[in-house]
Each structure stands twice: as C-alpha cells, then as structure tokens.
Amino acid sequence: MGPRTVSTTKVEKSETESGTMTCSTADSMKMMKAKMKSQSLLSRISLIIINGLEHAFYTYGTAIALRPAVFITLCVIITASFSTGLLNFTMEDRPFKLWIPQDSDFIKVMEWQKENYPAEFRLHVSIYEAENVLDKSALLEMFRVHEAVASASTVNATWDSVCAKMPTIVNSFFSRKRRTVNQDIISGGQKMHLNASLRTKRDDEKNGYDWSTVLDRGIYCGFLETMEQKCMEHSILEIWGYDEEIINNLTPDQIIKDVNTAEISAVFGFPTNFTEFLGKVEKDSKGRIVKAGASKQMWITRINLTAVNDGSFVDDGGTGMEVDTVSFHWEKELIKAVLNESERPDNITVYLMASSSFGMISEDTIIGDIQFLAVGFGVVFIYIQIMLGKFNMVEQRPLLSLMGLLCVGMSIFVSYGICSVFDVPFGPVNNVLPFLLLGLGVDDMFVIMQAWNNLSQQEKKQELTERIGYALKNAGVSITVTSLTDFAAFAIGSGTVLPALRYFCLYAAVGIAAVYFFQATFFVAWFVLDQRRLEDNRHGFIWCWQLKNWTPNQCSQRDLCQTFFSEVYAKFLFKFPVKIFVLLVTAAFLAVSGWGLSNLRQEFNPIWFLPQSSYLFKFFMKQEYYFPTSGEMGFIYFGKMNYLDELPKIEELMTQMKESEYISEIDSWYLKYKSYWEKQGHSVPEPDETEEEFLDQLGMFLHSPSGSKFRIRNFHFDGILNCTEPAPQILASSIEYKHRYFSGSREQIRAMDDLKSIVQRMNFSGYVQPFARAYSGWETDKIIEKELYQNMGLAMMVVFIVTLALIANLITSVMVLLCVIMTLVDVGALMHWWGLTIDTVSCIDIVLAIGLCVDYAAHIGHTFMTKKGTRNERARLTVATIGPAVLNGGFTTFLAFVFLVNSDSHVFITFFKIFFAVVFYGLFHGLVFLPVLLSLVGPPPYFTYDEDKSEEAEVMCLEAGQSCQQQGRDGAEEEIKTVEGLSEPLNSFHKSTNLSSAGTSVSKKSGIIQGK
C-alpha cells in the first residue's frame, strides 16, 4: 500500500494561459501579493500539519542516527514487554461467538435454551456414497461401520455407555408381527421367521388405537418398565434389524422390495420412513425406488448432565454445548472408526459429521495456516534483498532486509500481546493479519529507502546523522498518512456488531500502529548501522570484511523499470487515440462491472470457514447435493407457564404455522396429544379441566407409543417423569418444525421474520421463541449488507478527508475518490464472477481495499499537482517520475499474499481474490485512467515559493521592457528532457505511496521545497 505525500509549501494558483503581460511594475507587485494572500484555509492547515510532522521526523531521525543501539534495545524491550500479554491469549472458534451479533435473537434464545432447556443429545451423521447404495456391498460396508462404532471405546466409555437409548417394542406382546420363512428374529429364546418386506404397522396402529388405551394403566406401565432399551442408531439397516446373516443372504430384488415396503423398524418397533435415509433416488415405472446415490447413518449420544454440573465437561466450540469429558473423548474414537478406510471398498466413499468435528477442525485450521505465512515471508525476503540493495558485494543489504521483516514479526507480537491483555479473542479471520502487516511493513521500508535515495546533492554532502534526519523527514509524512488512513479505517470497523470483524479490526489497528513505529525506529536504526558499513566498503554479508579499492560494477546501477516508464510508457499513453481508447475501455469496465455488482449475492455460511479439504466440509457439500430439499429444522421453545390455559394459543400457533408458505412440516406434541385423547372421547382441553388433570393426561400420553418420542426430546420437567403418576411441572418444552428449501438469503430472512411475527402475535403469557441453528447465518445475512455499506461509507469519508487535507485541491481529491469508487465497483463485480458473496470476510477485505486503492490514485493526483506546464506535459511528467513507484508498490502488495492461492481456507481464498482484484483495478485506474483524465481536465498546479520568485523576476523583466511569458513552460520542457535522459534513476522499486519525494525530487524545476 502506498503512502501519499505532500510538499511543504502548497499554495493554489490559477493556471495562466494569457498572452504577454503588459501590466505595470506596480500592478505586477500587487498581483503577486494577492496570490500569496489567496491561500485557502485548507492549504494553510495542510501546510501547518506537514511542517510539524517533518520537523518532528527530522529531529527523531537525527536522534536515532546518533544512538542507533539505544533505539534498537528500546524496540526489543517494548516487544518483549507487550509479548507477555500472550499469556492471556485466547482463540475463539465458536461460530455463534464470531459471526452473529451478540444482541441478536439467536444469541438470546440460545442463552435461554442453555439455561432453561439444556441439550442432552448429540447427533453424529455419516453419508455413504456409491453408484447404488442399495447394492449389497454398500449395505455390508454400512454394517461393518456399525460394528466398528459399536466396538469403539476409551478407557472410561463404550458405545453402550454413551449412547442415547429408547425402548424397543419389537418383542413385546403388543407389537405383533406377521411371520414368514424368509427372515429370522429372536423372540423368547426361539428363532422365528419374519418377512422383512411385510413388516407392517402394529395391529393397534392399523385399527386406530394403541395398547396404552386398552390396558389398565398399572399393567401397561408395568410392561414399559420391563421393556428393553437399545442405543439410538438409525439407518436403512434397521429394516433387517442389523442382522449380518440376513443382510448377507439378501438378493437385489429382495433389497428393493424391502426398502419400498418396510414401515416398521425391526430394532425399535416404531413406524419409520426409511426412504428419508436415501438421496438421489431413482424410481421405476411403478414408482418404486430401484437405485440411490447416497444413504445416511446416524448415531445419537447422550450428555451426562450430572458430570457437567460437577464441572467435568468440555466446551465444544463447534456447537456451543457443554459436553461431559467422557462422552467428548469417545466421539474422537467414533470419528476414527467411521473414517477408517483400511477395509472400505474402492467404490464406496463415506463422509462424516460428528458433533465435535467443527470445533476440532477449526482449531487445526488456525495452526495449519502458519505454513503460508512462512512461505510468504521467505519470498518477500528474497524480493526485498533484490530490490533494496544492488548486485554487488558492498551495496547488497541482506541483514537490513531481514531487520525490515523482523519489524513485521515484532509488530505481530505486539498486536497479539496488547489485544490479549484486554481479552480480545483471536478469531479465524485474524489469520490474514500477518500478511496485511507484511505488505504494510515492506511498503514503509521501501518508502524510507526511496527518501534516502532521493536526497538532493546538497543533502548528500551532509554528515550521516543529518542525512538520516532529512530522509526520515521526507518519508515520515508518507508513512504517517498511509498508516493513519488504514488505522482510521480499522478503528471505524471495530465498532461493528459482528464479533469476528470487530476482533480483526482491533488486532489490525494495533498492528498497523506497531509496524509504523518499528519501521520508523527499529529499521531506521539498523539502516544507520548498515549505511556505516556500506560507506566503509565492508561486505554486505560479512561486515568485518573491508573491501579495499572497491568500485561498483556498471550493471548493478541500471534500472530498466524507470527507463520503460520515462522513455516508452509516458510517451505512448498520452497520444490522442490512446486517450480515447483508455476512456472507452474504462467506461466498458464500469458498465459491465456495474451489471456484475448488481448480481452480487448477500450470503453467509459458517461452513465456508472450514478448510475445503477437511472431511467435515466435504460432508456438508455432499449433504447439500444428496439431500437438498430437506429444509432447515427448528424448534418453538416454550418456557415455564400455565400450559393448560395456553393450549388454545398453541393450537392457533400450529394452525398459522401450517398455513405459512415457509413451513413444510410440523412435528408437534400438542397435535399428537390432542389426537390421542380425542380418539378416546375427550375434548382438548376439557371445559372444567384442572392443571393437575392436564399433567396427568400429559404423563400418560408421553408414555404411549404415539407420545413416547416426545418424552425424551421435547420436555424438561421439574422432577422425574413417572408412568403411573401425573407429570411434574413443565419447565420448558418444544415443538419441532421444518422450513421448506429456500433459494437464497433474502427468502431465508423473510421466512425467519415471518415465523417470529407469527409467534409474537400469539401473545403468550410466558417465554415463547422460535429457534433454528440456521438462524445464526440468517441473522448475520440480515445485517451484513448494512454493516458493509456503513463501514465503507465511514472509511471512505475518513480517507477522503485525509486525502483532501494532503492534496489540498478539491478537484484532484474528487478525481481520486472517483478512482476509488470505480475500483470498488470493479472489485464487487469480480467477486460475483469469482463465486464470492457479501459475508464477514469480504466486508473486512473491502474496507481494507479502500485504503489500498486510494493510495495508488492519490499518489498520481498529488504528483500531478506539483508539475508545471500544459496538462499533457504535467501528466507525462507524473507518469514518468512516479509510475515505477506505483507499479512496484502494487507488486509488493500482490507478492505478500500471492501464495494464499494455494490455501483451502475461505478466509485466505477470499483475501487473495479480493486483493488480486484491488491491485489489478487499482493500478489500472491509478496508472492508466487517472493520468489520462488529468491530462484532459486536470486542475492547475500548486502556487509555490519558487513561483513567487519567478513572478518577482517577471516584474524585473517588465521594468526592463522584457516579456517573461514562457518562463514556467520552458521550465516544464526542460524537466521532461531531464527525466527522459535519466541513466541512473532513483531506485524505482520504492513503494507507490511516497508522494513527498518520489514525485518531486527528480527536478528542482517543480518549485516544491523538500522541507529544507
């Protein structure tokens, strides 16, 4: 990112295009004084600020040059002191603590649920993918995994000890089966045959009643107590009761027949829709499923709440649940068992999502991203060494290059340390921060070196202490402006409601301030030592080796980039046909990009933050592909209240949810409860029913076959639920629902808001709120666009104010702002074409991009204001003198993040794509469009001190009867010739942001005082 610079004497003057002056000497003197008094308030304020900064940097630079060792030691002590804050370093990878506003409804409901309705169950799902998962080989692989999970164990846990269990009624007397000779089951110690394809509903279900309505309550409850309970594992293998012998003997036709006709689980005896376990099914002409591309297998474990209450738990970052330690460690064994491919057939692929997977993978991702940082630092070091020094034994600067990179490392430690002291968590987006600081640090280093090389001949004759002061005076303003604009942008971003964005902005703001300080202090101190070594003709690598009678080779003094810009590009760009072509291309870019920007979607999904190579990311992709129409599951949570009085409102709520276009299914305990008692001749609620009677009826219902599934997962009582007694007071309950499939974020937001509105209209006396895990992303989608434009607007306003104060010309500042806006439009379009959306990461990158692209344009705009002559001549001079620095500045920024293209992290990939677009479009508008625009409609140059002297000379000419009309223009032509004749240009690798020296030091004809 390139800093922008200023001259020390900026006074606006109108460009004089009139003929020979004929005024008298007195009139000329009055005109000169009037121009001197015509300085704008903006120019005077800018002049005061910059003169103060230059004086401060000159003093600071000379102090460093006198005692470099002291300042180096000081920087090391500061780094070590702030690094102690890392003892309080915390990483935050919980999605609901990163991507969701903490005052959102989702967070509020989640906190309520955690306190009043603690989750007890954890779901683990695998997806089997094959050409046809109904092939017997696929079924046998599913059975093998079933056995592997059943055998998985730790020192303290087995599958049987951690699984959630439910009663099985397969072998009870009121679960009657039709028996055939095709299948064996075990019942009462005797082997009987049962046709799996004819496992129909129980007789009681077929006839419209269940056994809880027939038997005496005491007898029925007695049988329930003796029922066997089995671990909750669900898949199509339940059709055959997980019997290996039966599965081995299945024929293809038998498999198809059983899958299409089975309605009862052979394990639990409850009605089950087995087709829901299949994805991408194909049917024959009769409507039978004959083929499927995928099948699900699910395991459910139960959290030991007693152990959690005793403090023996793990805070699972992926789900936000507190899980007992024993169960959590067993889940790792489940992951190993399912993902073990040693015995898996080649034609079958298995994908897994364990409840603990998200948290585990997020932690590994943060650690794994370090490799890209190491590669980036290594490549940038090589580039710095090539560009910072020259190709000879003395003028190479390897140690200085290393110290420049060390400044970046020190700033990272300071940033992490200070933020950790103030308990600011480290989020996954923060992984990109080292690359940002690397680009900024290298840029500042180049600016300082460019200011050193641009010292005037008179300044170069001074002592080293004075020369360092002059160099830092010229460079200090540049790096201050850049750092200030970037710091301000991130300071504004830290006020966002999105935690991940806030964390990143805080870390970045501190890091930018730190790298600014270290480059101006630590790097300069080492530069002093390195310059002493160079002037003593000592070897660049081996400082104790002095080379006598050394002279640099001619090849090491050449600069091809400067030659290209001054002798080729600056001449070609300003030909009239080329100007027309540039304007047309820019307009075409803007038009096409405007269309692309209009199609940019607003969508956020925490799943994107998983590495694309991780097994969990692949699982979610396969789930979306094979089971796309399943919709998002949710719950209506009910708190403590008088449920009997609220039953009519609950029924009305169910009615309106059924009528909603956004709800596809409702699984309500109340609807089943009402049906259960109405079949027995009761009204729900009874006219004179008491709360105790209601709780008694509810208790009986929850132990019936139709209500037992709600007993475990949909109620939280103030006591133990007993079959023979009324239910305890209800502390919380829930009703499940499923949204239909939505095509985009806007439809998702409407669906969420519509359901919230329905619930609110019911006006319940107690706590009632809808909740779905998907709402975490939907609520972020709801505010992310507003956050983006708000942060963009504020950042652009601050940057514009700083630029206006720096350039001190409204027209040029507006042109610079126009380039920034056009660059952002182009970037937004490329985001759409490159598959990106508006999310938290892109918000961060776009705000950061403002500070980057404004530097390119401001650099050109300011340099143009310092040149004299016609618009065309001034634009040509601008490109010739500052173009190489702008190009190299963009290249160094690109080089800092180019290796992120190999990352499979959403954060890094998004950063690469957006910054690639910013560098490309930013350089285009800065080096191509803006110079052409300035050559056509650019404002007149600054009125400077040297120009004042020229007017005095003109007065003297007039007194002598002479005309001095062409004085300024002749000076401009002489400057162009000087630029074209440069054989040893001023080190053009420098950062594109050094406006104070890069654009003004080539020729003294510009009339800009270099702070002398």
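Note that the coordinates shown come from a computational prediction; the quantities given were computed from them, not determined experimentally.

**Student:** How do you make sense of the overall build of the protein chain when you look at a structure like this?
**Tutor:** Per the secondary structure count, the protein chain includes 35 helices and 18 strands. Buried residues in the protein chain amount to 57% of all 1012 residues. Here the analysis covers contacts within the protein chain between residues at least 6 apart in sequence; of these, 79% occur between residues at least 24 apart. Per element, the accessible surface of the protein chain, about 41600 Å² overall, is 57% carbon and sulfur.

**Student:** Looking at this structure, how should I read unusual backbone geometry?
**Tutor:** Trans peptide bonds make up most of the peptide bonds, and negative phi angles are found at most residues other than glycine. At the junction of Val684 and Pro685, the peptide bond is cis and its omega measures out at -5° in the coordinates. Located in the positive-phi region is Tyr242, a residue other than glycine, with phi close to 55°. If you trace the backbone, Tyr242 turns up in the loop between β7 (233-234) and α9 (244-248). The phi dihedral of Lys280 falls on the positive side, at around 55°, and the residue is not glycine. With respect to the helices, strands and loops of the structure, Lys280 is situated in strand β8 (residues 278-283). Given a relative accessible area of 40%, Lys280 falls into the partly exposed group.

**Student:** Can you help me understand the packing of aromatic side chains in this one?
**Tutor:** Tallied over the entire structure, the rule returns 46 aromatic pairs. When the ring of Phe564 is compared with that of Tyr569, the centres are 6.2 Å apart and the planes differ by 25°; the resulting orientation is stacked. On the accessibility criterion, Tyr569 (15% relative accessible area) is buried. Its guanidinium or amino end placed over the ring of Tyr625, Lys280 lies 4.6 Å from that ring's centre, counting from NZ or CZ.

**Student:** Got a minute to help me understand helix α27 (residues 745-762) in this structure?
**Tutor:** Since the α-helix advances by 3.6 residues per turn, residues separated by three or four positions end up pointing in the same direction. Between its first and last C-alpha atoms α27 spans 26 Å; for 18 residues at 1.5 Å apiece the expected length is 26 Å, and the two agree. Here α27 has its buried residues at Ser745, Glu747, Gln748, Ile749, Ala751, Met752, Leu755, Lys756, Ile758, Val759 and Met762. Within two residues after α27, Asn763 carries a phi angle of roughly 55°, on the positive side.

**Student:** Hey, could you run me through the pattern of salt bridges in this one?
**Tutor:** Close approach of charged atoms lets side chains of opposite charge pair. On inspection of all chains with the given rule, the structure shows 26 salt bridges. The salt bridge involving Asp105 is made with Lys756; its shortest N-O contact spans 3.1 Å. Of this pair, Asp105 sits in helix α4 (residues 105-116) while Lys756 sits in helix α27, and the two are 651 residues apart along the sequence. For the salt bridge of Lys674 with Glu651, the shortest nitrogen-to-oxygen distance reads 2.4 Å. Of this pair, Lys674 sits in helix α24 (residues 669-678) while Glu651 sits in helix α23 (residues 643-659); the two residues are 23 residues apart in sequence, bridging distant segments of the chain.

**Student:** Quick question: what am I supposed to make of a nonpolar patch on the surface here?
**Tutor:** Where nonpolar side chains cluster on the molecular surface, the patch consists of Met393, Phe541, Ile542 and Trp545 and spans about 420 Å² of accessible area. With a relative accessible area of 57%, Phe541 lands in the exposed category.

**Student:** Please clarify how the packing of helix α3 (residues 68-83) against helix α15 (residues 398-421) should be interpreted in this entry.
**Tutor:** Pairs of packed helices are described in terms of their axes, by the angle between the two and the distance that separates them. Running from N to C, α3 and α15 point in directions that differ by 35°, and their axes come no closer than 7 Å. Classified by chirality, the crossing of α15 by α3 is left-handed. Of α15, the residues touching α3 (which contributes Cys75, Val76, Thr79, Phe82 and Ser83) are Met410, Phe413, Val414, Gly417 and Ile418. For the contact of α3 with α15, the class distribution of residues is seven nonpolar, three polar and no charged.

**Student:** I'm lost on the pairing of strand β2 (residues 121-129) in this one. Help?
**Tutor:** A regular strand places its side chains so that they alternate between the two faces of the sheet. A large share of β2 lies buried, amounting to seven of its nine residues. Note that β2 and strand β9 (residues 289-302) share nine bridges and pair antiparallel. Looking at the pairing, His124 lines up with Trp299 of β9.

**Student:** Teacher, can you tell me more about the packing of helix α18 (residues 464-493) against helix α19 (residues 499-535) here?
**Tutor:** Taken N-terminus to C-terminus, the directions of α18 and α19 make an angle of 170°; their axes are 9 Å apart at the nearest point. With respect to α19, the element α18 is oriented roughly antiparallel.

**Student:** Would you explain the state of the cysteines in this entry?
**Tutor:** By definition, a disulfide is the covalent link that joins the sulfur atoms of two cysteine residues. For the structure shown, the criterion picks out two disulfides. What pairs with Cys163 in a disulfide is Cys231, and their sulfur atoms sit 1.9 Å apart. Every disulfide takes its handedness from the sign of the S-S torsion; for Cys163 and Cys231 that torsion is -55°, giving left-handed. Here Cys163 is found in the loop between α6 (159-162) and β3 (165-167), whereas its partner Cys231 is found in strand β6 (residues 229-231), with 68 residues between them in sequence. Taking the relative accessible area as the measure of exposure, Cys163 reaches 7% and is therefore buried. Cys407 provides the cysteine sulfur closest to Cys75, a residue in no disulfide bond, and the two sulfurs are 7.3 Å apart. Take Cys75: its relative accessible area is 0%, and that puts it in the buried class.

**Student:** Got a minute to help me understand the nonpolar core in this structure?
**Tutor:** One recurring pattern in soluble globular proteins is that nonpolar side chains are buried together. Counting 147 residues, the largest nonpolar core has Val429, Phe490, Phe504, Phe522 and Leu573 as the members making the most contacts within it. Tallying contributions element by element places α19 first for this core, with 20 residues. With near-sequence residues (within four places) excluded, Phe504 lies in contact with Val429, Asn430, Val432, Leu433, Leu436, Phe490 and Ile844. Val125, Ala138, Ile300 and Met353 belong to the second largest nonpolar core, which has 72 residues in total.

**Student:** Honestly, the environment of Phe701 in this entry has me stumped. Any pointers?
**Tutor:** One can find Phe701 in helix α25 (residues 691-702). Distance in space between the C-alpha atoms of Phe701 and Trp669 is 9.5 Å, their sequence separation being 32 residues. Not counting residues within four places of it along the chain, the set of residues in contact with Phe701 comprises Trp669, Lys672, Tyr673, Tyr676, Trp677, Ser706, Gly707, Ser708 and Phe710.

**Student:** Is there a simple way to think about the environment of Asp315 in this case?
**Tutor:** Tracing the sequence through the fold places Asp315 in strand β10 (residues 313-315). Considered as a pair, Asp315 and Ser356 are 41 residues apart in the sequence and their alpha carbons are 9.9 Å apart.

Rules used throughout
Residue indices follow the written sequence of each chain, beginning from 1 at its first position. With pLDDT at 70 or above as the cut-off, local features in this predicted model cover only qualifying residues; side-chain atom pairs require 80 or more to be listed or tallied, and sums for whole chains, interfaces and linings still use all residues. Excluded from the side-chain calculation are hydrogens and water; included are all heavy atoms of the structure. Only DSSP runs of H or I reaching four residues or more are called helices, and only runs of E reaching two or more are called strands; each is numbered from the N terminus. Burial classes: relative accessible area under 20% of the type maximum marks a residue as buried, over 50% as exposed, and values in between as partly exposed (1.4 Å probe, protein chains only). The contact rule is simple, with two residues in contact once any of their heavy atoms fall within 4.5 Å. Note on areas: Shrake-Rupley with a 1.4 Å probe; residue coverage comes only from the protein chains shown. Ring pairs are drawn from Phe, Tyr and Trp, using the six-membered ring of Trp, whenever the two centres fall within 6.5 Å, and their geometry is named by plane angle: stacked under 30 degrees, edge-to-face over 60, tilted for the rest. Both a distance and an angle decide whether a charge sits over a ring: NZ of Lys or CZ of Arg must be within 6 Å of the ring centre and within 35 degrees of the ring normal. The span you would expect from a helix comes to 1.5 Å times its residue count less one. A carboxyl oxygen of Asp or Glu within 4 Å of a side-chain nitrogen of Lys or Arg is what we treat as a salt bridge. Patch construction takes residues with relative accessible area above 30% that form no salt bridge. Like charges are linked within 9 Å, and nonpolar side chains (Val, Leu, Ile, Met, Phe, Trp, Tyr) are linked within 5 Å. Axis definition: a line fit to C-alpha positions, over the contact stretch in the case of helices; interaxial angles, taken between N-to-C directions, run 0 to 180 degrees. Handedness of each helix crossing follows the sense of rotation of the near helix against the far helix: counterclockwise by less than a right angle gives left-handed, clockwise gives right-handed. Put simply, Ala, Val, Leu, Ile, Met, Phe, Trp, Tyr, Cys and Pro go in the nonpolar bin, Asp, Glu, Lys and Arg in the charged bin, and everything else, Gly too, in the polar bin. DSSP bridges decide pairing: two strands pair if at least two such bridges lie between them. Roughly parallel means an angle under 35 degrees; roughly antiparallel, over 145; roughly perpendicular, 65 to 115; everything else is oblique. Any two cysteine sulfur atoms lying within 2.5 Å of each other are counted as a disulfide. Definition used in this section: a nonpolar core is a set of buried Ala, Val, Leu, Ile, Met, Phe, Trp, Tyr and Cys residues joined via side-chain atoms within 4.5 Å.

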